[in-house]
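So the chains spell out like this:
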Amino acid sequence: MPSQPAYRQVAVQGKFVRSPSLSMRWIDSPDGFCRFCFLAKKKNGNAVYRNKCRRVLRPLFYGMVPKIGKPVWAMVIVTDSSAEMTPLRLRESAQKLFLKMGWGDAED
């Protein structure tokens, strides 16, 4: 996100979509670019866990940008604890989010 007020705007005004391991708040992009932020809370795991979640999610969401019809600003929140999370589970949850959002064939 470009700034703290933009982050708050998504958090407060954003529409909400949920999958088993992820939640996403999003708004239509005011600047015409897709922007994502990935949140994994401290209560769910240590820094290694949080960074691993971001490393798994970043390429999935940025790879989906060409299929998004209308650019969005999105906040993706990991809801799994470190004991439940696996990279495969995160990928499957992201695919479900893509399908709910109508972002093309998520299997490509």
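Quantities reported herein were computed from a predicted structural model and do not represent experimental measurements.

Tell me about helix H2 (residues 47–64), residues and numbers included.
Look at H2: 26 Å from first C-alpha to last across 18 residues, which is about the 26 Å you get at 1.5 Å a residue. Considering bend angle alone, the principal kink of H2 is centred on Leu57 and spans about 30°; proline Pro59 follows within four residues of it. Those residues of H2 not exposed but buried are Tyr49, Arg50, Cys53, Val56, Leu57, Leu60, Phe61 and Met64. Elements in contact with the buried residues of H2: strand S2 (22–28), strand S3 (35–40), strand S4 (72–78) and helix H3 (87–101). By the N-cap criterion, in which a side-chain oxygen at the helix start approaches the backbone nitrogen of a residue two or three places on, H2 is capped by Asn46, the distance to Val48 being 3.3 Å.

Please provide a residue-by-residue account of the sheet that holds S4, values included.
Strand order in this open sheet of 4 strands is S1-S2-S4-S3, and the pairing throughout is mixed. Sheet topology places strand S1 (15–18) and S3 at the edges, where each strand pairs with a single neighbour. Recorded for the sheet is a direction-independent mean angle of 20° between the axes of neighbouring strands. Bridge count between S1 and S2: 4 bridges; the pairing is antiparallel. In the sheet register, Arg18 faces S2, and the bridge partner there is Ser23. The strands that H2 touches are S2, S3 and S4; relative to S3, the one it contacts most, it runs at about 155°.

Residue-level account of the pairing of S4, with values.
Within S4, 7 of the 7 residues are buried, leaving the element largely enclosed by the surrounding structure. Burial along S4 is two-sided: the face carrying Val72, Ala74, Val76 and Val78 and the face carrying Trp73, Met75 and Ile77 are both buried. The pairing of S3 with S4 spans 6 bridges and is parallel. Within the sheet, the bridge partner assigned to Ala40 lies in S4 and is Val78.

For the nonpolar core, give the residues involved together with the corresponding values.
Ranked by internal contacts, the top residues of the largest apolar core, which has 27 residues, are Met24, Phe36, Leu57, Phe61 and Trp103. At the level of secondary structure, the elements contributing two or more residues to this core comprise S2, S3, H2, S4 and H3. Among the elements that take part in this core, H2 stands out by supplying 7 residues, more than any other. Contacts of Trp103, omitting those with residues within four sequence positions, involve Met24, Phe36, Phe61, Met64, Lys67, Ile68, Val72 and Phe98. Val10, Cys37, Met75 and Ile77 belong to the second largest nonpolar core, which has 7 residues in total.

So what's going on with the environment of Met101? Which residues, and what values?
Mapped onto the elements of the fold, Met101 is located in helix H3. Residue Met101 is classed as buried on the basis of its relative accessible area, which comes to 18%. Through-space distance from the C-alpha of Met101 to that of Val17 is 8.0 Å; in sequence the pair is 84 residues apart. Excluding residues within four positions of it along the chain, Met101 makes contact with Val17, Met24 and Trp26.

Here is what the cut-offs are and how they apply
Residues numbered from 1 in each chain as written. Predicted model: local features only at pLDDT ≥ 70, side-chain atom pairs only at ≥ 80, totals over all residues. Heavy atoms only, no water. Helix = DSSP H or I, 4+ residues; strand = E, 2+ residues; numbered from the N terminus. Expected span 1.5 Å × (residues − 1). Bend = angle between axes of the 7 residues up to and from the residue. Buried < 20%, exposed > 50% of the residue type's maximum accessible area, 1.4 Å probe, protein only. Contact = heavy atoms within 4.5 Å. Polar contact = N/O pair within 3.5 Å; in protein donor to acceptor, adjacent residues only side chain to side chain. Pairing = 2+ DSSP bridges. Axes fitted to C-alpha atoms, helices over the stretch in contact; angles between N-to-C directions. Core = buried A, V, L, I, M, F, W, Y, C linked by side-chain atoms within 4.5 Å.

Don't take any of this as a statement about function, it's just geometry.
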